[in-house]
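Here is what each chain is made of, one letter per residue.
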Amino acid sequence: MNKLDANEPKMTFCHDICSIKRTDMDRTLENNDEIYMREALREAQAAARDGEIPIGAVIVSNGVIIAKAHNLTEQLQDTTAHAEMLAITSATNYLGSKYLTRCTLYVTVEPCPMCAAALCWSQIDRVVYGAADPKRGYSRFSPSLLHPKTEISAGILQDECSAIITDFFKKIR
């Protein structure tokens, strides 16, 4: 057996059938998902402090956060100023491209249909969200709104993501 490079993930194989059980890369991805979702939660907290619906988003490319945003619909008096839309604009400006291939969006709440359609047009590789939105989330209306190649991961830090939005609405009602 060759010595693995320190940067390469170690793979755990089932002894008899040589199939991958789980890789360190899988665990790293899960840990990174939590790290980046915590950044999105910080954005959601900033939105709450500003009196906005507390949804936060970050976009990551090659392990680097290239865009952060939170809802600004009240401040800008713009119904399209969702965290995802603002993050998409910021990321495309950063990259100098209208496409977000090889990028991942982390957002605290499932995107709405408008944001999902914008993500489709951006051709983002992956969308990771924390809390589902059974009333206004894109999957309630049409799961095919996202690009066919976009991967979805749901439920990352779901309890924290749900709590911040639930607490916000309890305070204003």
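This structure is a prediction, so every number in the text was calculated from the model and none was measured. (Residues numbered from 1 in each chain as written. Predicted model: local features only at pLDDT ≥ 70, side-chain atom pairs only at ≥ 80, totals over all residues. Heavy atoms only, no water.)

Visitor: I keep staring at the overall build of the protein and nothing clicks. Help me out?
Guide: Each helix and strand in the protein was counted, giving six helices and seven strands. Ordering the α and β elements of the protein from the N terminus gives β-β-α-β-β-α-α-β-α-β-α-β-α. Burial status across the protein gives 39% buried among its 173 residues. When contacts within the protein are restricted to residue pairs at least 6 apart in sequence, long-range pairs at least 24 apart make up 56% of them. When the accessible surface of the protein is summed, it comes to about 10600 Å², and 51% of that surface belongs to carbon and sulfur atoms. (Helix = DSSP H or I, 4+ residues; strand = E, 2+ residues; numbered from the N terminus. Buried < 20%, exposed > 50% of the residue type's maximum accessible area, 1.4 Å probe, protein only. Contact = heavy atoms within 4.5 Å. Areas by Shrake-Rupley, 256 points an atom, 1.4 Å probe, with all protein chains shown as cover.)

Visitor: Help me understand unusual backbone geometry in this model?
Guide: It is generally the case that most residues other than glycine have a negative phi and that most peptide bonds are trans. Despite not being glycine, Q77 shows a phi value in the positive range, around 50°. Locating Q77 in the fold gives a position in the loop between α2 (73–76) and α3 (83–95). The residue Q123 is not glycine, and still its phi comes out positive at about 60°. You can see Q123 is positioned in the loop between α4 (113–122) and β6 (126–131). Look at Q123 and you get partly exposed, because its relative accessible area is 29%.

Visitor: I keep staring at the side chain of S153 and nothing clicks. Help me out?
Guide: Along the chain, the position of S153 falls in strand β7 (residues 151–154). In contact with S153, other than residues within four places in its own chain, are R126, V127, V128 and Y129.

Visitor: Help me understand the sheet that holds strand β3 (residues 56–61) in this model?
Guide: Note on sheets: strands pair through backbone hydrogen bonds, and any given pair is parallel or antiparallel. The strand order β4-β3-β5-β6-β7 describes an open sheet built from five strands, whose pairing is mixed. Every other strand in the sheet has two partners, leaving β4 (64–70) and β7 as the edge strands with one partner each. Recorded for the sheet is a direction-independent mean angle of 15° between the axes of neighbouring strands. Direction of pairing for β6 relative to β7: parallel, over a ladder of four bridges. Among the inter-strand pairings, V127 is bridged to a residue of β7, identified as I152. The strands touched by helix α6 (residues 158–172) are β5 (103–109) and β6; relative to β6, the strand with the most contacts, the crossing angle is about 65°. (Pairing = 2+ DSSP bridges. Axes fitted to C-alpha atoms, helices over the stretch in contact; angles between N-to-C directions.)

Visitor: Whenever I open this one, the environment of I165 confuses me. Can you help?
Guide: By the secondary structure assignment, I165 is in helix α6. Residue I165 is classed as buried on the basis of its relative accessible area, which comes to 16%. Sequence separation between I165 and P54 is 111 residues, and the spatial gap between their C-alpha atoms is 5.9 Å. Contact partners of I165, with chain neighbours within four places excluded, come to I53, P54, I55 and V109.

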